[in-house]
Every structure is written in structure tokens, then in C-alpha cells.
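# Observations on chain architecture
One letter stands for each residue in the lines below.
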Amino acid sequence: MATGQRTEAHRARRAAGIPDTRVTLQAGLEVGGREFVVFAGPCAIESGEQVEATARAVHAAGAQAMRGGAFKPRTSPYAFQGLGEPGLKLFAEASHRLGMPVVSEVMDASQIPLMLDYVDVLQVGARNMQNFTLLRALSKARKPVLLKRGLSATIDEWLLASEYLLDGGNTQVILCERGIRTFESATRNTLDLSAVAWVKRHSHLPVIVDPSHATGVRELVIPMSLAAAAAGADGLLVEVHPEPAQALCDGAQALTPALFSTLMQALAPVLSAVGRTLPLPERVGPAMASGATR
Ligand code: PEP
Ligand code: MN
């Protein structure tokens, strides 16, 4: 670093004359504009049937994009690690069939070329937020990056991590608040919604919220999603599984398709109260809109 160079986050900071960043997922779909964007799908891609069932359900309920992991960062090396490339293939097929862009986690710089073939947005997981080699490599990728906040990262550290992407030339960055480690143990993490409001005020980057990892508790996902929308988030990253009890990963926090549909319906009035829109497409029929509470 040359002396006199600025070391604080400055490319990520809001400044006079700098418009809010809009991240383009596909033609006509951007994160960071008026439209609230929901990425929904399983924690991990498990099988063709599971991906297909989830994709159909979240698409029918109005999600604009899908999430799903093929490379899973698991606390235990004995836990399911993800399907790898065959999983990405299943995911991309479902995404193309339904015209929904997808986000999936990249754990290592060596996986970037493979991921670019299959996904629209590259996710950096909480455990990798300060993997600076990975961030530098992603700064050269020509696809958007979803940067999750680290488990114990301050807002400043999070913005400095985004700075690696911006400084290297990738301006298509979405931040994701996914809860932080605190003394609280009733929930998996503590959802820091003040961070969302703070970052919206001090940065031009879009911020979405992951209420699934933030709480770890299915019943808390809808209320925290609504709170995130009210706090000014630009979208959500939500785990949905057709049969949460059978999930190979994070079943306790997965919404069922019916609950996901309930969430989408409940978001509309909250978003309209804060001047945002959630274009529920025509595919959301009355059958989806009513009585789906399980
Ligand atoms: C995920 O979204 O699949 C995930 C592993 O989340 P996090 O990195 O926030 O723990
Ligand atoms: Mn998960």
C-alpha cells in the first residue's frame, strides 16, 4: 500500500452524486431499486426432485430468484457437504425452465470458473467474508456477488470486505445481513436489523436479509422477514424445503411451500407502507393466495 492511500471503506460509502447501486440479475430484474427481490430455495441442493418441487413452489408463490447450495460450508466435516457440480447442474436446469436467476455459494477461488457456468450470482458465505484471496478473485468475475456478513463481523469490516470487490472492479455487489453471534442462545444468531438501516444510510450498495440463518427457527422467519422489509431491506434470502423434516441441512429453519406463500402475501402491505413494490406475478393465483398457512 502506498503511503497516503485511503484505508477506510470509501468505494462502498454513500457520497454526494453517487446513485444507489442496482444489481442486475437478469433483464428487467434488479436488486436495489424500488422492487423488493426475494431469493428462495433450499439450504442445500439434494436431488432433482427436491430442486424441482422447491423451484415450482417458490415460483408459483412469486419469488423472483432462487437460492441453493452445492458446496456447503458445514461446521462438521461429517455433515452433508453438498452435491457439487451435479447439484449445480440440477439447479441451473430448474432455473432455466422457470426463468428464475439463481444464487449459490462459492467456497474457494478454484470453484469460480465452474460456478460461472451455472449461476447468476456468486454467494460468499459468512465464514468466508474475510477470505481476501476469494474476494480478490471475485472482484474480477463478471457476475454479481452476494456478500454475507461474517459471524462476528462489525459493519465496518463487512463494508471493507465489499471494498475488495469494488476496488478490484466488480461493482455488482449485494450485501446480506444473516445474523451475528451474540450471548443469546434461544435463536441461532441475532438478526441485526439496525445494521440494515445503518448500511442503507451510509452505503449505496443494496442490502438483503437472510431471516433463516439469522434465527434458525421456522416460526420466526415470517415475522423477521416483515421486519426486514419495514427496516428498508432490498430483499430476502429465504430457505424453503418441500419437506423440511427430511432436509439434509437446516430443516428446522426451512419454510414449507405453504408458509412461503403466506410470507409472500404478508409482505405486500408492509412493502407498500414503505414505498416498495413486490410485483406478485400473474402466476400467483387465488389458490396460492388463500389459506396457505401450514
Ligand atoms: C447459506 O446461506 O447457505 C449459508 C451457509 O449461510 P451463512 O454463510 O450465512 O451461514
Ligand atoms: Mn442453510
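The text that follows walks through the structure, step by step, so that each part is easy to find. Keep in mind the model is a prediction, meaning the values are calculated, not measured.

## A few points about the coordination of the manganese ion (ligand 2)
The protein atoms donating to the manganese ion (ligand 2) are C43 (SG), H213 (NE2), E239 (OE) and D250 (OD), with metal-donor distances spanning 2.0 to 2.4 Å. Going along the chain, you hit the donors of the manganese ion (ligand 2) in the pattern C-x169-H-x25-E-x10-D. With C43 in the loop between β3 (37-41) and α1 (48-61) and E239 in strand β10 (residues 235-239), this residue pair connects regions lying 196 residues apart in the sequence. Assigned by exposure class, C43 and E239 land together as buried.

## Some points on the environment of A79
Looking at the element boundaries, A79 is found in the loop between β4 (65-67) and α2 (85-98). Note on A79: relative accessible area 23%, which makes it partly exposed. Separated by 170 residues in the primary sequence, A79 and C249 have C-alpha atoms spaced 8.4 Å apart.

## Description of the environment of A27
Take A27: it is sitting in the loop between β1 (23-26) and β2 (29-31). Residue classification places A27 among the exposed residues on the basis of a relative accessible area of 77%. Taking C-alpha positions, A27 is 27 Å from P257, a pair spaced 230 residues apart along the chain.

## A few points about the sheet that holds strand β5 (residues 102-105)
Within a sheet, neighbouring strands are paired by backbone hydrogen bonds and run either parallel or antiparallel to one another. Taken in spatial order, the eight strands line up as β3-β4-β5-β6-β7-β8-β9-β10 and close into a barrel, and their pairing is parallel. Within the sheet, the average angular offset between the axes of one strand and its neighbour, ignoring direction, is 25°. Bridge count for strand β9 (residues 207-209) against β10 is two bridges, and the pairing is parallel. Note that in β10 the partner of V209 across the bridge is L236. Sheet contacts for α2: β4 and β5; angle to β5, the most-contacted strand, approximately 165°. Helix-sheet contacts for helix α6 (residues 193-202) involve β8 (173-177) and β9, and the interaxial angle to β9 is about 165°.

## Observations concerning the site of ligand 1
Ligand 1 sits among R67, K72, P73, E105, Q123, G125, A126, R127, K148, R178 and H213. In the model, an oxygen atom of ligand 1 is placed 3.0 Å from a nitrogen or oxygen of the Q123 side chain. At 2.8 Å, a backbone N or O of A126 approaches an oxygen atom of ligand 1. Contact with the protein chains removes 97% of the 300 Å² of surface that ligand 1 exposes when unbound. Here the residues of the shell around ligand 1 are counted per class, giving two nonpolar, three polar and six charged.

So, how was this worked out
Residues numbered from 1 in each chain as written. Chains lettered and ligands numbered in written order. Predicted model: local features only at pLDDT ≥ 70, side-chain atom pairs only at ≥ 80, totals over all residues. Heavy atoms only, no water. Donors = N, O, S within 2.8 Å, 3.2 Å for Na, K, Ca; no water. Helix = DSSP H or I, 4+ residues; strand = E, 2+ residues; numbered from the N terminus. Buried < 20%, exposed > 50% of the residue type's maximum accessible area, 1.4 Å probe, protein only. Pairing = 2+ DSSP bridges. Axes fitted to C-alpha atoms, helices over the stretch in contact; angles between N-to-C directions. Contact = heavy atoms within 4.5 Å. Near = heavy atom within 4 Å. Polar contact = N/O pair within 3.5 Å; in protein donor to acceptor, adjacent residues only side chain to side chain. Areas by Shrake-Rupley, 256 points an atom, 1.4 Å probe, with all protein chains shown as cover. Nonpolar A, V, L, I, M, F, W, Y, C, P; charged D, E, K, R; others polar.

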